[in-house]
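Structure at a glance
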Amino acid sequence: MAIFDELKSVAGVLQEAGKIEQYRQILDAQKELLEMQKRISDLELDNKDLKDKLQTKDSLTFENNAYWINKDGKKDGPFCSCCWDDHNKTIRVQPAGNPAFCTCPKCKNTVKVYPDRDNPPHASQFRPTSYR
């Protein structure tokens, strides 16, 4: 960084000339410059994170008790509605045994995501198999 290098050069000249007070002022300015650089970097990361979340929010649709992301005309998901609503995190829900239901691996929320899928038959509906 050009400003930092210039301050370093000026500090060296002041130190050699015995100008201790001015040398300390340059060191303080360098310290402030480094702190501002870090702050700018942190703000840029926060800004990127917020832009990503806003883009995700704009592409979310709520359907069948879960969120879905529309990407290039295709539906991606389902994602946990509790995790998104509480923490703005897109956590993909996983099948929960019954093909109509899914469970969030993070918060353990279970939702009926696929209402059009048939529920599996109950044990009383199974016919016994004859074994020979």
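Residues numbered from 1 in each chain as written. Predicted model: local features only at pLDDT ≥ 70, side-chain atom pairs only at ≥ 80, totals over all residues. Heavy atoms only, no water.

**Let's talk about the overall build of the protein**
Let me state the cut-off plainly: Only DSSP runs of H or I covering at least 4 residues are called helices, and only runs of E covering at least 2 are called strands; the numbering of each starts at the N terminus. A 1.4 Å probe rolled over the protein chains alone gives each residue an accessible area, and that area as a share of the maximum for its type sets the label: buried under 20%, exposed over 50%, partly exposed in between. In this analysis, two residues are considered to be in contact whenever any of their non-hydrogen atoms come within 4.5 Å of each other. All accessible areas in this document rest on Shrake-Rupley with a 1.4 Å probe, and a residue is counted as covered only by the protein chains that are shown.
If you tally the helices and strands in the protein, you get three helices and six strands. Listed N to C, the secondary structure of the protein is α-α-β-β-β-α-β-β-β in terms of helices and strands. For the protein, the proportion of its 132 residues judged to be buried stands at 23%. Considering only contacts within the protein whose residues lie at least 6 apart along the sequence, 24% involve residues at least 24 apart. Carbon and sulfur atoms provide 51% of the accessible area of the protein, an area that totals close to 10,400 Å².

**Comments concerning the pattern of salt bridges**
For clarity, the cut-off: Any Lys or Arg side-chain nitrogen located within 4 Å of an Asp or Glu carboxyl oxygen qualifies as a salt bridge.
For the structure shown, the criterion picks out six salt bridges. Note that Glu-63 is salt-bridged to Lys-75, the shortest N-O span being 2.8 Å. Here Lys-75 lies in strand S3 (residues 74-79) and Glu-63 lies in strand S1 (residues 60-63), a separation of 12 residues in the sequence. Across the pair Lys-71 and Asp-76 runs a salt bridge, and its minimum N-O distance is 3.7 Å. In this structure Lys-71 comes out as partly exposed when scored by relative accessible area, which is 47%. Taken together, the salt bridges that share partners define one network made up of Lys-71, Asp-76 and Arg-92.

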